[in-house]
Amino acid sequence: MNEHAAGAKTPYPFFAVARRDMHDARLLQDAYGGRESETTAILQYAYQSYVLERSDPELSGLLKRIAIAEMKHHELLGEAIWLNGKSPLIASNTCFWSGSAVDYSEDPVNMLEKDIADEKQAIKNYERIAAMLHNPSCSALVLRIVEDEKVHVKLLTEALEKLTAR
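Given the structure is predicted, the values throughout are model-derived calculations rather than measurements.

Draft legend 1. Structural context of the pattern of salt bridges. Summed over all chains, the structure comprises six salt bridges. Between K162 and E58 there is a salt bridge; the shortest N-O distance is 2.8 Å. Of this pair, K162 sits in helix 5 (residues 136-165) while E58 sits in helix 3 (residues 57-83), and the two are 104 residues apart along the sequence. Exposure remark for K162: the relative accessible area of 43% places this residue in the partly exposed category.

Draft legend 2. Broad picture of the layout of surface pockets. The volume enclosed by the largest pocket comes to roughly 510 Å³. In terms of lining residues, the largest pocket is bounded by 27 residues, among which R35, E36, S37, D118 and N125 are the most central. Contributing elements (two or more residues each) for the lining of the largest pocket: helix 1 (22-33), helix 2 (38-52) and helix 4 (108-132). Broken down by element, the lining of the largest pocket gets its largest block of residues, ten residues, from helix 4. Partitioning the lining of the largest pocket into residue classes produces eight nonpolar, seven polar and twelve charged.

Draft legend 3. Molecular detail of the packing of aromatic side chains. Counted according to the given criterion, the structure contains one aromatic pair. Here the aromatic rings of Y47 and Y104 are separated by 5.1 Å at their centres, their planes lie at 85°, and the arrangement is edge-to-face. Pair noted here: Y47 is in helix 2 and Y104 is in the loop between helix 3 and helix 4, with a separation of 57 residues, a long-range link. What makes Y104 partly exposed here is its relative accessible area of 47%. For R144, the ring lying beneath its charged end belongs to Y12, and the centroid distance is 4.2 Å.

Draft legend 4. Region of the structure containing helix 5. For helix 5, spanning 30 residues, the distance from its first C-alpha to its last is 44 Å, which sits close to the expected 44 Å at 1.5 Å a residue. Sitting at the amino-terminal end of helix 5 is N135, which places a side-chain oxygen 2.7 Å from the backbone nitrogen of S137.

Draft legend 5. Quick peek at the nonpolar core. Of all hydrophobic cores here, the largest spans 40 residues; its most connected members are L28, L77 and Y126. Contributions of two or more residues to this core are made by helix 1, helix 2, helix 3, helix 4 and helix 5. Top element by residues in this core is helix 5. It accounts for twelve residues. Among residues more than four places away in sequence, those in contact with L28 are L77, A80, I81, I129, L133 and V142.

Draft legend 6. Spatial organisation of the packing of helix 3 against helix 4. Between helix 3 and helix 4, the shortest axis-to-axis distance is 13 Å and the interhelical angle comes to 25°. Regarding the angle of helix 3 to helix 4, the classification is roughly parallel. For the pair helix 3 and helix 4, the crossing hand works out as left-handed. Contact residues: L59, L63, I66, E70 and L77 in helix 3; P108, L112, D115, E119 and Y126 in helix 4. Of the residues that constitute the contact of helix 3 with helix 4, the class distribution is seven nonpolar, no polar and three charged.

Here is what the cut-offs are and how they apply
Residues numbered from 1 in each chain as written. Predicted model: local features only at pLDDT ≥ 70, side-chain atom pairs only at ≥ 80, totals over all residues. Heavy atoms only, no water. Salt bridge = Lys/Arg side-chain N within 4 Å of Asp/Glu carboxyl O. Helix = DSSP H or I, 4+ residues; strand = E, 2+ residues; numbered from the N terminus. Buried < 20%, exposed > 50% of the residue type's maximum accessible area, 1.4 Å probe, protein only. 1 Å grid on protein atoms, 1.4 Å probe; cavity = no way out; pocket = protein on both sides within 12 Å on 5 of 7 lines; lining within 4 Å. Points joined across faces, edges and corners; volume = space filled by probe spheres on them. Nonpolar A, V, L, I, M, F, W, Y, C, P; charged D, E, K, R; others polar. Phe/Tyr/Trp six-rings, centres within 6.5 Å; stacked < 30°, edge-to-face > 60°. Lys NZ or Arg CZ within 6 Å of the ring centre and 35° of its normal. Expected span 1.5 Å × (residues − 1). Polar contact = N/O pair within 3.5 Å; in protein donor to acceptor, adjacent residues only side chain to side chain. Core = buried A, V, L, I, M, F, W, Y, C linked by side-chain atoms within 4.5 Å. Contact = heavy atoms within 4.5 Å. Axes fitted to C-alpha atoms, helices over the stretch in contact; angles between N-to-C directions. Parallel < 35°, antiparallel > 145°, perpendicular 65-115°, else oblique. Left-handed = near helix turned anticlockwise from the far one by under 90°.

Right, dumping it as structure tokens:
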């Protein structure tokens, strides 16, 4: 992995939707725009990178790279939702997204601990979603996103260990 990468080395799989499937679109929607979603992850990592930019530029840079990886997930999920016949709203299946979903901690240790917990929860959520999707190519896409989330756990854990060893 190069210094700019914050994800797995394997390419994202091609996915196709032969016919629209609202079941699959709804399953992907919460991961796209719900409280525990790519939307939240992007904005939380961006916030954290801004807060840490002066005090810890290295950690800030890592968080920016992870935010960019989450943006790619957001793009791919949005496309899959759209192809399955649903508008990719910044919302869960039950309510619109809110900025209250972001953790606004300013303490780097708390940030990283929360990020690690959130990434581990995302992995569980994505594995559950992948098992329920009808379209095998959408399932493959979600499982490829899981690979990135596992890299994020590794990178964040290393950063936390480095931070607490100071």
